[in-house]
Amino acid sequence: MRIDLRSDTVTKPGPGMLDAMMHAAVGDDVFGEDPTSNELEAYAANLFGMEAALFCVSGTMTNQIGIKVHTQPGNEVICEQSSHIYQYEAGGIAFNSGCQVKLIYGDHGRITAKQVEESINPDDSHKAPTALVSLENTANRGGGSCYDFDEILKIKAVCEKHQLGFHLDGARLFNALVAKKESAKEYGKAFDSISICLSKGLGAPVGSLLLGKKSFIGRGRRYRKLLGGGTRQSGYMAAAGLYALKNNIERLAIDHANAQSISEVLRSKPFVEEIFPVETNIIIFKVRDPYTAASLAAKLKELDILAIAISPTNIRMVLHLDISSEMVDDLCNTIKKL
Ligand SMILES: *Cc1c(COP(=O)(O)O)cnc(C)c1O
């Protein structure tokens, strides 16, 4: 049995989700007439207590539209150096928004209010005007680490003081909410805009949502069209997203517990030098002799276990809803024998 831990994006829709998709009410969403997309947007906005939402095909699109609406060309965006918006969106901040970034070296992907305040450019004609602060929660390259909500509120206060936009890349925000027993509505109050992914741990085949004020989302809708992201009978995709939001949030705790069990076995192995703190569904660990990350990933692949070597020394494993408890037991036994 193949155990695919490369990403929580590899999940496939189960019978309940497929059934919801098959029976979705649809219309032309570019005309605003797709009832299921409208329902999904309203449902998500309500979940976070925010005014409006925009359904897009990917989290890259929701982040990029968010950044575009918050900025003008020539502005600067503050983010952590390992953040998805900087590392994995194909240079989109420069291409789509004409902005540059100020990178902060954080703690497992998290930055502090003090670091943000020190990174804001002074009002000086040599400098790019700082326009936006973007956080990532959970932080993917930080090993699925979660922010302390008090720090988020401190960063919010800095943004308000300096009149900066405050965006959250919440591709895996639900993992953080479940792990830390936090409320979506508190996040909705803290940020100007939030991007959430339906196609990560929540298990939908496609889709992300951008949340914000009505006027913000209205401007975002225009950029979605500009990027070629206006889709027609999108209700078939939206139905999967609605199903995911209604059924697959609480079960993320199972993925977190599975990540803990696997990390405990890894911790006992001499070839594991270090494991990032495991807070949610991601395990990042550093390997040492006789393995490199690539050679251990290759060895695991021979054993039908797929994981990604994310650097010469580090391997990432991601838990998700298609990993059963039998698979976790198998995996732990296999690792014990290595
Ligand atoms: C996956 C992910 C995204 C969005 O990725 P898409 O593949 O474009 O949906 C954004 N941010 C983070 C942290 C992610 O892990």
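So, a few notes on the structure that sits alongside this text. (Residues numbered from 1 in each chain as written. Predicted model: local features only at pLDDT ≥ 70, side-chain atom pairs only at ≥ 80, totals over all residues. Heavy atoms only, no water.)

1. Some points on the pattern of salt bridges
Just so we agree on the cut-off: For salt bridges, the criterion is a side-chain nitrogen of Lys or Arg within 4 Å of an Asp or Glu carboxyl oxygen. Note on exposure labels: buried denotes an accessible area under 20% of the residue type's maximum, exposed denotes more than 50%, and partly exposed covers the range between, all computed with a 1.4 Å probe on protein chains only. For the purposes of this entry, the term helix denotes a DSSP run of H or I that reaches at least four residues, the term strand denotes a run of E that reaches at least two, and both are numbered from the N terminus.
Under the criterion given, the structure shown has 17 salt bridges. A salt bridge links R6 to D4, with the shortest nitrogen-to-oxygen separation between them at 2.6 Å. With relative accessibility at 10%, the residue D4 sits in the buried group. Two residues, K246 and E39, come together in a salt bridge whose shortest N-O distance is 3.6 Å. Highlighted residues: K246 in helix α11 (residues 235-247) and E39 in helix α2 (residues 35-47), separated in sequence by 207 residues. Within the structure, one salt-bridge network assembled from shared partners comprises R2, D4 and R6.

2. Considering the pairing of strand β10 (residues 282-287)
Definition in use: We call two strands paired when DSSP finds no fewer than two bridges between them.
Within β10, 5 of the 6 residues are buried, leaving the element largely enclosed by the surrounding structure. Sheet analysis places strand β9 (residues 272-275) next to β10, joined by 3 bridges and oriented antiparallel. The partner of V272 across the bridge, within β10, is V287. Where β9 folds back on β10, the antiparallel hairpin that results is connected by 6 residues. Pairing of β10 with strand β13 (residues 314-318), which is carried by 5 bridges, proceeds in the antiparallel orientation. Across the sheet, the residue bridging to F285 is I315, located in β13.

3. Digging into the packing of aromatic side chains
Note on aromatic pairs: each is described by the distance of the centres and the angle between the planes. For clarity, the cut-off: Classification of ring pairs rests on two measures: the distance between centres of Phe, Tyr or Trp rings, Trp counted by its six-membered ring, which must be within 6.5 Å, and the angle between planes, read as stacked under 30 degrees, edge-to-face over 60 and tilted in between.
One pass over the structure, following the stated rule, counts 5 aromatic pairs. Geometrically, the ring pair formed by F149 and Y187 is tilted, given 4.9 Å between the ring centres and 50° between the ring planes. Linking F149 in helix α7 (residues 149-161) with Y187 in helix α9 (residues 184-190), this pair joins segments that are 38 residues apart in sequence. On the basis of relative accessible area, F149 is assigned to the buried category, the value being 14%. Ring centres 5.1 Å apart and planes at 75° place the aromatic pair F271 and Y291 in the edge-to-face group. Here the residue F271 occupies a position in the loop between α12 (252-267) and β9, and Y291 occupies one in the loop between β10 and α13 (293-302), the gap between them amounting to 20 residues. By relative accessible area, which is 5% here, F271 ends up buried. Linked through ring pairs, F149, F166, Y187 and F191 together constitute an aromatic cluster.

4. Describing the sheet that holds strand β7 (residues 193-197)
Selection criterion: Orientation is described by axes fitted as lines to C-alpha atoms, over the contacting stretch for helices, and by angles from 0 to 180 degrees between their N-to-C directions. Only heavy atoms enter the contact rule, under which two residues are in contact if any of them lie within 4.5 Å.
One open sheet accounts for 7 strands, arranged β2-β8-β7-β6-β5-β3-β4; its pairing is mixed. In the strand order of this sheet, the two ends are held by β2 (52-56) and β4 (100-104), each with one partner. This sheet shows a mean twist of 20° between the axes of neighbouring strands, independent of strand direction. The sheet contact formed by β7 and strand β8 (residues 208-212) spans 4 bridges and is antiparallel. Bridging from a neighbouring strand, S195 pairs with L210 of β8. Running at roughly 130° to β2, α2 makes contact with β2 and β8 of the sheet.

5. So, the site of the ligand
Which entries qualify depends on this criterion: The rule for a residue being near a molecule or strand is that one of its heavy atoms must lie within 4 Å of it. Polar contact is the term for a pair of N or O atoms within 3.5 Å; when the atoms are in protein, one must be able to donate a hydrogen and the other to accept it, and sequence-neighboring residues count only if both atoms are side-chain atoms. Here the accessible surface of atoms and residues is derived via Shrake-Rupley with a 1.4 Å probe, and residues count as covered only by protein chains that are part of the display. For this classification, Asp, Glu, Lys and Arg are treated as charged, while Ala, Val, Leu, Ile, Met, Phe, Trp, Tyr, Cys and Pro are nonpolar and the rest, including Gly, are polar.
For the ligand, the set of nearby residues contains 13 residues, the closest of which are G59, T60, D169, R172 and K200. Measuring from an oxygen atom of the ligand, one finds a backbone N or O atom of G59 at 2.8 Å. Between the ligand and K200 there is a distance of 2.9 Å, counted from an oxygen atom to a side-chain nitrogen or oxygen. Expressed as a share of its isolated accessible area of 380 Å², the protein-covered part of the ligand is 83%. In terms of residue count, helix α3 (residues 59-70) provides more of the shell around the ligand than any other element does, 3 residues in total. Here the residues of the shell around the ligand sort into 2 nonpolar, 6 polar and 5 charged.

6. Structural notes on the sheet that holds β13
One open sheet holds the 4 strands; their spatial order is β9-β10-β13-β12, and the pairing between them is antiparallel. Each of the sheet's edge strands pairs with one partner strand only, and the pair in question is β9 and β12 (308-309). This element, α12, spans β9, β10 and β13 of the sheet and lies at about 10° to β10. In this fold α13 packs onto β10, β12 and β13, with an angle of close to 40° to the strand it touches most, β13.

7. A look at the pairing of β2
With 5 of its 5 residues buried, β2 lies for the most part within the structure. Residues A52, L54 and C56 point to one face of β2 and A53 and F55 to the other, with burial holding for every one of them. Pairing analysis gives 5 bridges linking β2 to β8, with the strands arranged antiparallel. Paired with L54 across the two strands is L210, which belongs to β8.

8. Thoughts on unusual backbone geometry
The linkage connecting N137 with the following residue, T138, adopts the cis geometry, with an omega of 0°. Mapped onto the elements of the fold, T138 is located in the loop between β5 (130-136) and α7. Cis geometry is adopted by the peptide bond preceding P290, which originates at D289 and carries an omega value of 5°. The backbone of A90 shows a phi angle near 60°, a positive value even though the residue is not glycine.

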